[in-house]
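# Inside the fold
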Amino acid sequence: EVAYFKLDRRQQNLEFVFAKANGKDKRVVIKEKDEHWINVEDYVHFLKDKEQFLWGSERSGYFHLYLYDYKGKQKKQLTSGEWFVDKLAAVNEERGEVYFTSTKDDIRERHLYRVKLNGKGMKKLTQIAGMHRINMDKAGEYYIDSYSNLTTTTEMRVYNRDGKLTQTLLEDDNMIENTYQLGTTELFTFNSDKGLSYYSKIFKPSNFDKSMKLGTNDLH
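Keep in mind the model is a prediction, meaning the values are calculated, not measured. (Residues numbered from 1 in each chain as written. Predicted model: local features only at pLDDT ≥ 70, side-chain atom pairs only at ≥ 80, totals over all residues. Heavy atoms only, no water.)

Within the chain, the secondary structure is distributed over one helix and 17 strands. For a compact globule of 220 residues, the expected C-alpha radius of gyration is about 17 Å, and the chain comes in at 23 Å, more than 25% above that figure. When its C-alpha atoms are laid out on the principal axes, the chain stretches across 75 × 45 × 30 Å. A burial count over the chain gives 32% of its 220 residues as buried. Contacts spanning at least 24 positions in sequence make up 26% of the contacts within the chain whose residues lie at least 6 apart. Surface accessibility of the chain: about 15000 Å² in total, with carbon and sulfur atoms responsible for 47%. When the 36 positive and 34 negative side-chain charges of the chain are each reduced to one mean point, those points stand 6 Å apart. (Helix = DSSP H or I, 4+ residues; strand = E, 2+ residues; numbered from the N terminus. Rg over C-alpha atoms; globule rule 2.2 N^0.38 Å. Buried < 20%, exposed > 50% of the residue type's maximum accessible area, 1.4 Å probe, protein only. Contact = heavy atoms within 4.5 Å. Areas by Shrake-Rupley, 256 points an atom, 1.4 Å probe, with all protein chains shown as cover. Lys, Arg positive; Asp, Glu negative; His and termini not counted. Charge placed at Lys NZ, Arg CZ, Asp CG, Glu CD.)

On to the sheet that holds strand E6 (residues 64-69). Spatially, E4-E5-E6-E7 is the arrangement adopted by the four strands of the open sheet, whose pairing is antiparallel. The sheet is open, and its two borders are formed by strand E4 (45-46) and strand E7 (74-77), each paired with just one other strand. (Pairing = 2+ DSSP bridges.)

Turning our eyes to something else, we now look at the sheet that holds strand E8 (residues 85-92). Here four strands make up an open sheet; going across it, the order is E8-E9-E10-E11 and the pairing antiparallel. Strands at the two margins of the open sheet, each flanked by one partner only, are E8 and strand E11 (123-124).

Here we come to the packing of aromatic side chains. For the coordinates displayed, the defined rule picks out 19 aromatic pairs. Ring centres of Phe100 and Tyr113 lie 5.9 Å apart, and the angle between their planes is 20 degrees; this geometry places the pair in the stacked category. Of this pair, Phe100 sits in strand E9 (residues 97-102) while Tyr113 sits in strand E10 (residues 111-116); the two residues are 13 residues apart in sequence, bridging distant segments of the chain. No difference in accessibility class separates Phe100 from Tyr113, as the two residues are buried. Over the ring of Tyr66 we find Arg59, and its NZ or CZ is 4.4 Å from the ring centre. (Phe/Tyr/Trp six-rings, centres within 6.5 Å; stacked < 30°, edge-to-face > 60°. Lys NZ or Arg CZ within 6 Å of the ring centre and 35° of its normal.)

Moving on to the pairing of E9. For E9, a buried count of six out of six residues is recorded, marking the element as mostly surrounded by other parts of the structure. Where burial is concerned, the two faces of E9 agree: the one with Glu97, Tyr99 and Thr101 and the one with Val98, Phe100 and Ser102 are both buried. Bridge count for E8 against E9 is six bridges, and the pairing is antiparallel. When the sheet's bridge partners are listed, Lys87 is paired in E9 with Thr101. The turn linking E8 back onto E9 is made up of four residues, and Gly96 within it adopts a positive phi angle of 65 degrees. One ladder, built from six bridges, connects E9 with E10; its direction is antiparallel. Within E10, the residue paired with Tyr99 across the bridge is Arg114.

By themselves, these figures tell us nothing about what the structure is for.
Here is the structure:
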């Protein structure tokens, strides 16, 4: 059998179809529908020892992972909440573990998490604040973590599946900070009159003086 996506031109109706290799005996396993549009991402992962597969969907308003069987029956919802799965990193079937990056703790950051195929035991593996870009082997044993944040340009380290450091590949040498007079960068949040939260950055020069006020003649 082969499996493929079928999406209409308006990008409002998506079908996940199984068919024989000769094009016969087609059957729709999953249907997704949205009155606006569907973001199509390939989060499908077929399990080797079971007739089941992982499926990514934005049906709740947030992109999350689900477990389905070949008949299109949802077995488990692996992730849920007001945050989204950013990337499927690896799956280890022997241990029943799924690794993924998401915005679970902070929408401004990306961290690596692990969850069981039964939807239990979610654990955060990366601890340093910032954006973590994960390159993990298919078996889910080790991963390279390339991360950066407001005070670190880029560092690369190797960890095992439990988040234990095994090797440092690249460290921040602070060359930029030592060469240039940089100011500070601060993150802050403010709410609109409709209750929406907005995330922002403010960049302050190195000679910033909070006691100074901007006059009309200073505006250009």
